[in-house]
Each structure stands twice: as structure tokens, then as C-alpha cells.
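# Structure assessment
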Amino acid sequence: MADKHLDPKVLSALQEVMEDGYPELLDTFIADSEERLRVLRKPEDATQLMNAAHSFKGSSSNMGAVRLAHLCHELEQRAKQKSLAGIEKLVREIDGEFAIVRPLYEAEKQRSLSE
Amino acid sequence: MQSLDPLTILIAEDSAADRMLLSSIVRRQGHNVLTAANGAEAVESFRQQSPHLVLMDAMMPVMDGFEAARQIKLLAGENLVPIIFLTSLTESEALARCLEAGGDDFLAKPYNPVILAAKIKAMDRLRRLQATVLQQRDLIARHHDYLLNEQRVAKAVFDKVAHSGCLSAPNIRYLQSPYALFNGDLLLAAFTPAGDMHVLLGDFTGHGLPAAVGAMPLAEVFYGMTAKGYGLSETLREMNAKLKRILPVDMFCCATLLCLSFQRRSVEVWNGGMPDGYLHSIATGERKPLTPRHLPLGVLSPQTFNDRTEVFPMAVGDRVFLLSDGVIDTCDGNEQLFGVDRLQQVFAANRQPDALFGEIKQALRDFGGKARDDVSMVEVSLLEATQLTPPALVYSDSGQSCPLDWSVNFEFRAETLKRFNPLPYLLQLLLEVHGLRAQSGALYSVLAELYSNALEHGVLGLDSSLKRDASGFARYYQLRNERLEGLRDGFVRVHLQVTPEGKGGCLVVRVEDSGKGFDAARVLERSLDGVRLSGRGISLVRQLSRSASWSDDGRSARVEFSWEALA
């Protein structure tokens, strides 16, 4: 599961729940995620890092971004254990994963708008 | 039904996408949605719009979900506002924090609409249940207040009726819970016109208002008839008939009725269904049980009701002790009853008669009895007649129609003598004469004495010397009852004559009987003693009237009362 970027079953369930609000939800998630990433790159302290990772994990899992959620979970655990070694690498991985899923969500949005 | 009622649900979640998604899910399930992006907003939204249920993210900026939950629970007070924590928290410690903050359930991310719907429904059930419980609690509290208020009003009314009596007389000591009435306990006391004292300790079946309502008519009959000079038998008959008529079949009143005569130094007792009372002779230390001999009041029809009383001699200082079954039926932790034996142990250990109530209460406490509020006790002691002052009667008429020149004759024959007491009627007639009212006590005592002499010694031929000692005393009253029941012939005649004298007047009373008569001269030779049980009647009559004489071999008694001009 963790190697999969997006879970299509989750996406179709979201579209069903949101109906016309689906494209807006996708936009909101993207904007939200950029804000989380900004915090992850320059956290003020370990707690802020942990909270941002926790929230990002939650919304990623809601949005079917399976691998992103997994990476955020990893980050949250490390922040909690104060083992800061490798944290930057992990944040870069999250950055990279988001760069992958972001165009996927945008494509999904276009697809739903053209339906 | 429940799912049709839309709820207002507050969603507090800092992640905009999650908030939007959750709002859609909840809205699609038919509910109204309020949203907040942090804990502080959530608390403010709750304060203003009082949502039914809250979906709360744990980690939020400004104020986290834990603090917001605490504040919302505080604001909600007694109402249940379920809080479901939205969390991907998995550590048990974090979940415990949610519960400590007042959370009622969790919803894990990613959200599952079916589980969310089920949780909302379950929480709504809890919420309604709590609301119902609160509503019913408030209803019960209101009913309870209402009931207490009713009892206060009823008690106030009843106290007015009950306090027309003489429970505060110096020879009465009693112990009763102020609300004993609502446990059916009833204590009444009043003076008769002759200065005797009637005391009733009653115990109605049941509790609460039903037990108390019967007390009103009973008290009315008791006070009304006692004040008019009726004896125990007539009063008992009237009380029984009245209760029988008005009370439902399963309601009745156990009662002991006493008539304490300070002049005759005796007590007349009727006990229907109450525990044994005790007649305590101070001289011998003996406590004679006053056993229940009858069914309670309100059970038997007037035809089958038995008003037979027992009469016992008393010496000055002797006491009659009555108690309700609350005393001997007090239970300890093991449902053991206090019982008569323990009561008698308290009696046996008692050295200071005035300390008895306290000792009984102490014994009940030592016994480990659960406190009851239907424990009633009363002790009446016999004083010298002169130590008591019966209250003056109050008359409401103007006196303009006072009859001052008349006479009247009555002849009461066997069938009437058996069941009718003419004294109250005669007294009421005489008290129409205002000048006689000031001496109504003496008048009644003399009339009562002459009438009972005519009936008992004359018509029934009873020998008063029987009453020399206590056993003879009992024998005397037993014979009286027997002979009265078997009476076929005989009469008592009463002649009353009122004549004006200057600005005052004079009453002549003549009482004649069909008996054998007695040697009045010999009885009159004896000094005016007040000690012996027999022969007291005649000395009493001589003390209380202006003049008293006997003729026709003692078969005819004549007494005079007079009065001066009224102020």
C-alpha cells in the first residue's frame, strides 16, 4: 500500500460524498498541504513539527494520499521521540511525494470538471 | 423518529480540507453544521449557538481540542453535549487524554461516513436519554416541592385544629415528629366541661396525605364532643361512624382514648388496635398494661362497634404512658424489631420518671434502630384537681336572648339510659343562661355526679363501697356494664328550674331515680374527704353547689346554683 501514491477507491468515495464540492475540496487540500509543508521545512520547535506532521498525516489519509500519509506518520513519530537525525531527509521525501501527488490531484480535478 | 430530527453539529478542525469533507458528510446525513478552525472558535461558537454535538480535532492551533472540550463541557453543565474526538491518534495515552477532557467517543482518520453516522446516532441517543433523565429529575423535584408545600399547608391548617386542645397542659408530656401527622400519627387532648381531660393517641393506616386527611374529621369530632361534655363512649361511637363512612375500606385508625378524671382520680381507657399503654402506679412501681380490646376506629359498622371502656383508679402522681407502634417496631440493621421486651427493660431500669422519654430514645439509638418519624409517645399524669385550670369557654352570642324564667322536666327510661347520655344536652340548655356560664365546670361536674349516682347507685343498685380498692373498682365498672345491658325498668328524672333573683338568678336542679335510695344523712355526716375512692361524689356535689340536699330516702337530690348581676 505504502508504495501507492493515490488510492482511487478513496477518491471515488470522496467525489460521491462531495458531489459538486469535489473540485474545491481538491483545491483546498493542495493549498492546505502547501501551508503544512512550509511549516515542516522551517519548524520553530519539535512540537510544531510534530503537530504539523500529525495534521498533514490526517488530511492525507482522508484524501487517499497513502504514501504521503505514511511519510507524515514516520515524521510525527521521530519528532515525538526527539530523534532529529534524518529529519531533514524525511521532510525532503515528503516534499518530493507531494510534488508527485499534486499534479495527480490537479488532473483529477480537471477530470471531474469535464464529467 | 430520531433520525428525522436534524441536529446542529459543530465541527472543530484546523485542516480546511478535513473540515470541508466532514461538513459534507455530516450535511448529507441531514444535520446542520457549524464550523470552527481552532479550539477558541469552537468554544465561542458553542457559547453562541449551543449545538447538540461536537466533532473535535485534538491538535489545533490557538486552543487545542482538549482544552476546548473541557470548556464546552463546563458550559453545557448538566446537559449532555457529546464530543467525538477526530483523531488519528493511536497511542492509548493520547486517547485517554481525550476522555479525561470530556470526550465521549473517537473517530479515526480517514473518515468513514457509515461509522460516523452510526456514532452520531448513538451519541444522539445518549444525549436524549440524559435530557429525559434531567427532565424527569426536575419533574420529580417539582412534585416533591409541591408535595412538601401541600404538607406545610395541611400541617398549618391541622395545627390550628390540633392546637385548640390542651397538649400544653402541665400534666402532659409528649414526643412527636413535627410531621408525624403525615405518618398517620395523631395526638389530641382537651378538657371536658367538668375539668376531666380527654386524650387521644391515634395511628392511621398508610402514609402521606391519605393518612393525614382522616385526622381532620377525627380531631373535629374529638374536640367538638369533648367540649360539649360527651363521654368517651359517645365520642368513640361518633368517631367510628364518621371514619367508617368517609374512609376507604383499607383505611382505619388505631387509637387509644383516655378520660382522666382529676376529681374522681380515675382513668377511663378504650384501646382499639394500639400497642399496650401503661398505667404506672408510683406507689407500687407497677406498670399495668392497657391492652387493646377493640378493633381500630373505622372498621366496624355502628351496629357492631363496641364502645366498652375500662376504668382504673389513679393516685396523684400516677402516670399513663401511651406509644405508637413506631417505637416497638423500630428495626435494627438486621430487620430485628425493638419489641415490647426491650421497652419493658427500659421501664425496669427507669429511676427518674421524668427521664423516661429520653431513656426510650437512647435505647432506640443503642439498639441501632433506623430513625423513624412515626415514633409518638405521650405521658399524662394525674394532678390534684386544683393544679389544673381548664381554659374558659368562649361564647359568641350577645346575651340578648338569654332565657331567665323557665323550668323543664325530663324522664329518661331504661332503653334510653342504656345508650343515651343526656348530660351534654342538659348542659347546653343551661349554658344558654349567661349567668351560669362562669360556673359551667362546676355545673357540669355536679350534673354528671348526680346523674351517675342516680343511674349507678339508684337504677342499677351498685354499691359504691365496692370502689374501696383497685380490684373492687374494676369489679364495680364491670357490674355497671353488665347491669346496664340487662336493664328493663327504671328511670332517672331531671327537673331544672331557672328563676330571676334581682339582677341575677337561681337554678334549682332535682334529680330523682327509681332505685332503693340511701341513707343520705349518714353519708353526709362523713367529713368532706377527698381521699377515698368511694363516696367522693356526694362531697364533690356539696363543695361545688350553693346548697345540696337529699330527700325521699336519698332517691331525690336537690342542688342550687345562683349568680349575681353580670358585669
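Please refer to the structure placed before this passage.
Criteria and thresholds
Residues numbered from 1 in each chain as written. Chains lettered and ligands numbered in written order. Predicted model: local features only at pLDDT ≥ 70, side-chain atom pairs only at ≥ 80, totals over all residues. Helix = DSSP H or I, 4+ residues; strand = E, 2+ residues; numbered from the N terminus. Buried ≥ 20, exposed ≤ 12 C-beta atoms within 10 Å, placed from the backbone. Contact = placed C-beta atoms within 7 Å. Axes fitted to C-alpha atoms, helices over the stretch in contact; angles between N-to-C directions. Parallel < 35°, antiparallel > 145°, perpendicular 65-115°, else oblique. Nonpolar A, V, L, I, M, F, W, Y, C, P; charged D, E, K, R; others polar. Core = buried A, V, L, I, M, F, W, Y, C linked by C-beta atoms within 7 Å. Pairing = 2+ DSSP bridges. Right-handed = clockwise from strand over helix to strand, strands pointing away.

## Structural notes on the overall build of chain A
- For chain A, the helix and strand inventory stands at five helices and zero strands.
- Taking all 115 residues of chain A together, 39% fall into the buried category.
- In chain A, 60% of the contacts between residues at least 6 apart in sequence involve partners at least 24 apart.

## Let's talk about the packing of helix H2 (residues 22-41) of chain A against helix H1 (residues 16-28) of chain B
- Packing of H2(A) against H1(B) leaves a shortest axis separation of 8 Å and a crossing angle of 155°. Between H2(A) and H1(B), the angle falls in the class roughly antiparallel. Two secondary-structure elements touch here, H2(A) through Leu25(A), Thr28(A), Phe29(A) and Asp32(A) and H1(B) through Ala16(B), Ala17(B), Met20(B) and Leu21(B).
- By residue class, the composition of the contact of H2(A) with H1(B) is six nonpolar, one polar and one charged.

## Remarks on the interface of chain A and chain B
- On the side of chain B, 16 residues touch chain A, which itself brings 18 residues to the contact.
- Among the elements of the structure, helix H1 (8-18), H2 and helix H3 (46-62) of chain A are those that each provide at least two residues to the side of chain A that touches chain B.
- In terms of residue count, the dominant contributor to the side of chain A that touches chain B is H3(A) (eight residues).
- For the side of chain A that touches chain B, the per-class residue count stands at seven nonpolar, nine polar and two charged.

## Some details on the nonpolar core
- Core analysis: the biggest nonpolar cluster contains 64 residues, and Val199(B), Leu218(B), Phe222(B), Leu258(B) and Leu260(B) have the highest contact counts within it.
- Non-local contacts of Leu258(B), meaning those with residues more than four positions away in its chain, are made with His198(B), Val199(B), Val267(B), Glu268(B), Val269(B), Val320(B) and Val380(B).

## Examining the sheet that holds strand E9 (residues 253-261) of chain B
Residues and elements named next belong to chain B.
- The five strands are arranged E7-E8-E9-E10-E13 in an open sheet whose pairing can be described as antiparallel. The sheet is open, and its two borders are formed by strand E7 (185-191) and strand E13 (310-313), each paired with just one other strand. Averaged over all pairs of adjacent strands, the angle between their axes in this sheet comes to 15°, without regard to strand direction.
- As judged from the seven bridges shared by E7 and strand E8 (residues 197-204), these two strands associate in the antiparallel manner. Pairing of Asp185 across the sheet is with Asp203, part of E8.
- The strands touched by helix H7 (residues 215-227) are E7, E8 and E9; relative to E7, the strand with the most contacts, the crossing angle is about 15°.
- Docked against the sheet, helix H8 (residues 232-246) engages E9 and strand E10 (266-272), running at close to 160° with respect to E9.

## Considerations on the environment of Ala65(A)
All names here are of chain A.
- Mapped onto the elements, Ala65 comes out in the loop between H3 and helix H4 (66-80).
- Assessed through the 30 C-beta atoms surrounding it within 10 Å, Ala65 is described here as buried.
- In the structure, Ala65 is positioned 57 residues away from Pro8 in sequence and 9.5 Å away in space, judged by C-alpha atoms.
- Not counting chain neighbours up to four residues away, the residues in contact with Ala65 comprise His5, Leu6, Ser60 and Val101.

## Here we look at the pairing of strand E1 (residues 8-12) of chain B
Residue and element names in this part refer to chain B.
- Burial within E1 is extensive, with four of its five residues counted as buried.
- Crossover handedness for the path E1 to H1 to strand E2 (residues 32-36): right-handed.
- Across four bridges, the pairing between E1 and strand E3 (residues 53-57) is parallel. Bridge pairing links Ile11 to Leu55 in E3.

Everything listed here is a matter of coordinates, which is why it stays silent on function.
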